[in-house]
Amino acid sequence: MQNFLEMTGICKTYEAYGTQIKALDDASISVKKGTVHGLLGENGAGKSTLMKILGGVEKMDAGSVQFNGREARLRSASQAAELGIGMVHQHFSLIEDFTVEENVVLGIEPTRFPGVISMKEVRETLSRMAQECGFKLDLKAKVGSLSMGQRQKVEILRLLYSNSELLIFDEPTSVLIEQEVESLLRTIALLKAKGKTIIYISHKVEEILKITDEVTVLRSGKTVARVATETINAEKMVQMMVGKHIPLEVEKEQQAAGDVLLEVKNLSIDNGLIQTVKNVSFELRAGEIVAVAGISGNGQQEMIEAILGFREPASGQIYIGEEEVTGLTPRQRRQRGVCYIPEDRIQVGSCATATLAENMIVDRYFEAPLAKRGWINLKTMHALARELVAKYKIKTANTDCMIGTLSGGNIQRTIIARELSADPKLLFACEITMGLDVESCRYVYDMLLNMRREQKAVLLLSSNINEVMSLADRILVIHEGEIVAHFPRSEDFNKEELGEYMLGLKVQDRQLKEVS
């Protein structure tokens, strides 16, 4: 079969704040027409950079690109789109106040007369495309009202409407629940059957094995393998990614839960005229991991912000141990042993334009031994940063580099290092492994289980059902601001059933289950 895409000898070096970072070093990828091609690699391996070059967002320093039998000089994203190259990004680029059809045609609106958009023509075309793909979408619905899985379908329709022949999916299932993942994989199989060519970037080995025909593996900016998917298994695939054996199973020993470390009573939160959290109550005990499973946007973020002191609740009480902390500031709550790893590691968890060392001390710069008479001891700051870099295996040129130049996995390790070095007794972890590679995920899981062994407590917010079922001692399911189900982990249930509760298709009988 003829190669539809060939990228050969691709090199790319970034220079940031005096540091040269080689993102790609003679990387190559060859993709056959009408196939699904997996692209694997650790965080920082160069996957995103390679695809940004293909999409015209970045310029390569050296190398060549052959697309559909011709040399492609990709100078801009619009030029790549004209060639038929489109990308569904991990974080969707949709306008929530626009309808589905308005988002799809934005920038490529068909007009009958100058300035007059033919929405009837748009609607007919999109209805046909949606039907061919098996999408059930209300084209007049505002995107802000759609689930993550539905928004992803809108992104796919955008590419099909712009006549893309090569579709790139970047971590497409990181924000989807089980049913939506299965729907996406069926859609990709359908697109392949229609002759589309797909590059599928993912850290989830089971998805790569299920959906792809061939796999290219990057490591440290170099192509280290290209194999037919049917010739390898999950263990071999992980070993190619990281260069060593990584156990895939999470082993968690049985242990009894201890004293109550956190108690939330009848918590309600208003956001303007909308009640986003409704009368939520639960306890978190020493030596346990409690997962709050739910689709993003169902009140879990507001709930966490209220517990941490970032948001004022409309009613309810919050206790750390036996002390009510409802009226305390975020800093006062941190001083009582609370730490937080947010979902948004760039905007909330770190400052991209500050150095790694500065990010490490942002929660303690005002205390000894870092502070003395209002001044920060820089020598102590860098010594602490170097110690944490070594302990948490953060890949960085030095502690003076801007954290925004690091890969997503290393930014996450920096946040984890800062939070855990504060020796918390309560950790709030939100989508902690989103976008992380297999080795980084394993590292995070071991860290959470170690906290559990030390009789500390973890509240884990995650839309990753596999993660929830592997780590949690108890599972709370939140939908539209309410706890709709509570499962002790010993209870027998499956991922599909949990997904039904997350979608609001089921509500547990509250007379039978007490959240505690």
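Residues numbered from 1 in each chain as written. Predicted model: local features only at pLDDT ≥ 70, side-chain atom pairs only at ≥ 80, totals over all residues. Heavy atoms only, no water.

## Focus: the pattern of salt bridges
Working step 1: Considering all chains together, one arrives at 27 salt bridges under this definition.
Working step 2: Among the ionic pairs, Arg 128 bridges to Glu 132, the shortest N-O distance being 3.6 Å. Of this pair, Arg 128 and Glu 132 both sit in helix H4 (residues 119-133), separated by four residues, roughly a single helical turn.
Working step 3: The residue Arg 364 makes a salt bridge to Asp 363 at a minimum N-O spacing of 2.9 Å. An identical accessibility class is assigned to Arg 364 and Asp 363; each is buried.
Working step 4: What emerges from the salt-bridge pattern is a single network uniting Arg 334, Asp 363, Arg 364, Arg 418 and Glu 419. (Salt bridge = Lys/Arg side-chain N within 4 Å of Asp/Glu carboxyl O. Helix = DSSP H or I, 4+ residues; strand = E, 2+ residues; numbered from the N terminus. Buried < 20%, exposed > 50% of the residue type's maximum accessible area, 1.4 Å probe, protein only.)

## Quick look at the sheet that holds strand S12 (residues 222-228)
Working step 1: An order of S6-S9-S10-S3-S11-S12 is seen for the six strands of this open sheet, with the pairing classed as mixed. Only two strands of the sheet have a single neighbouring strand rather than two, namely strand S6 (85-88) and S12. The average angle at which neighbouring strand axes cross in this sheet is 20°, direction not considered.
Working step 2: Sheet analysis places strand S3 (residues 36-41) next to strand S11 (residues 214-219), joined by five bridges and oriented parallel. If you follow Gly 38 over to S11, its bridge partner there is Val 215.
Working step 3: The strands that helix H5 (residues 148-161) touches are S6 and strand S9 (166-170); relative to S6, the one it contacts most, it runs at about 175°. (Pairing = 2+ DSSP bridges. Axes fitted to C-alpha atoms, helices over the stretch in contact; angles between N-to-C directions. Contact = heavy atoms within 4.5 Å.)

## Considering the side chain of Arg 364
Working step 1: Checked against the element boundaries, Arg 364 lands in the loop between helix H11 (356-360) and strand S19 (371-372).
Working step 2: On the accessibility criterion, Arg 364 (12% relative accessible area) is buried.
Working step 3: From its side chain, Arg 364 meets the backbone oxygen of Arg 418 in a polar contact 2.7 Å long.
Working step 4: The contact partners of Arg 364, leaving out residues within four places of it in the chain, are Leu 370, Leu 384, Arg 418, Ser 421 and Ala 422. (Polar contact = N/O pair within 3.5 Å; in protein donor to acceptor, adjacent residues only side chain to side chain.)

## What about the sheet that holds strand S17 (residues 323-324)?
Working step 1: Here we have four strands laid out as an open sheet, ordered S14-S13-S16-S17, and antiparallel in their pairing. For this open sheet the edge positions go to strand S14 (274-285) and S17, each flanked by a neighbour on one side alone.
Working step 2: Judged from the five bridges that link them, strand S13 (residues 260-271) and strand S16 (residues 315-320) form a sheet pairing that is antiparallel. In the sheet register, Glu 263 faces S16, and the bridge partner there is Tyr 319.
Working step 3: Relative to the sheet, helix H9 (residues 300-308) contacts S13, S14 and S16, its axis offset from that of S13 by approximately 120°.

## Thoughts on the domain arrangement of the chain
Working step 1: You can read the domains of the chain as domain 1 (3-242), domain 2 (248-337 + 424-515) and domain 3 (352-422).
Working step 2: Computed from C-alpha atoms alone, the centre-to-centre distance between domain 1 and domain 3 is 34 Å. (Domains from an automatic or database assignment.)

## Some details on the environment of Thr 187
Working step 1: Topologically, Thr 187 is positioned in helix H6 (residues 178-193).
Working step 2: Residues Thr 187 and Glu 155 lie 32 residues apart in sequence; the distance between their C-alpha atoms is 13 Å.
Working step 3: Discounting chain neighbours no more than four positions away, the residues touching Thr 187 are Cys 133, Phe 135 and Ile 156.

## Focus: the packing of H4 against H5
Working step 1: Their axes nearest at 11 Å, the elements H4 and H5 cross at an angle of 115°. Relative to H5, the element H4 lies roughly perpendicular. Once H4 is placed against H5, the crossing between them reads as right-handed. Counting all contacts with H4, which are made through Val 122, Thr 125, Leu 126, Met 129, Ala 130 and Cys 133, the residues of H5 involved are Leu 157, Leu 160 and Tyr 161.
Working step 2: For the contact of H4 with H5, the residue count by class is eight nonpolar, one polar and no charged. (Parallel < 35°, antiparallel > 145°, perpendicular 65-115°, else oblique. Left-handed = near helix turned anticlockwise from the far one by under 90°. Nonpolar A, V, L, I, M, F, W, Y, C, P; charged D, E, K, R; others polar.)

## Notes on the pairing of strand S24 (residues 482-488)
Working step 1: Of all seven residues in S24, five are buried; the element is thus mostly enclosed.
Working step 2: Here six bridges tie strand S23 (residues 474-479) to S24, and the two strands are oriented antiparallel to one another. Bridge pairing in S24 places Val 477 opposite Ala 485.
Working step 3: Between S23 and S24, which pair antiparallel one after the other, the connecting turn spans two residues, and Glu 480 there sits at a positive phi close to 50°.

## Describing the nonpolar core
Working step 1: With 54 residues, the main nonpolar core has Met 360, Leu 427, Met 447, Leu 448, Leu 460, Val 477 and Leu 498 as its most contacted residues.
Working step 2: Looking at which element gives the most residues to this core, the answer is helix H14 (residues 438-453), with eight residues.
Working step 3: The contact partners of Leu 448, leaving out residues within four places of it in the chain, are Ile 289, Leu 427, Ile 432, Val 458, Leu 460 and Leu 471.
Working step 4: Listed in part, the 51 residues of the second largest apolar core include Leu 160, Phe 169, Met 237 and Val 238. (Core = buried A, V, L, I, M, F, W, Y, C linked by side-chain atoms within 4.5 Å.)

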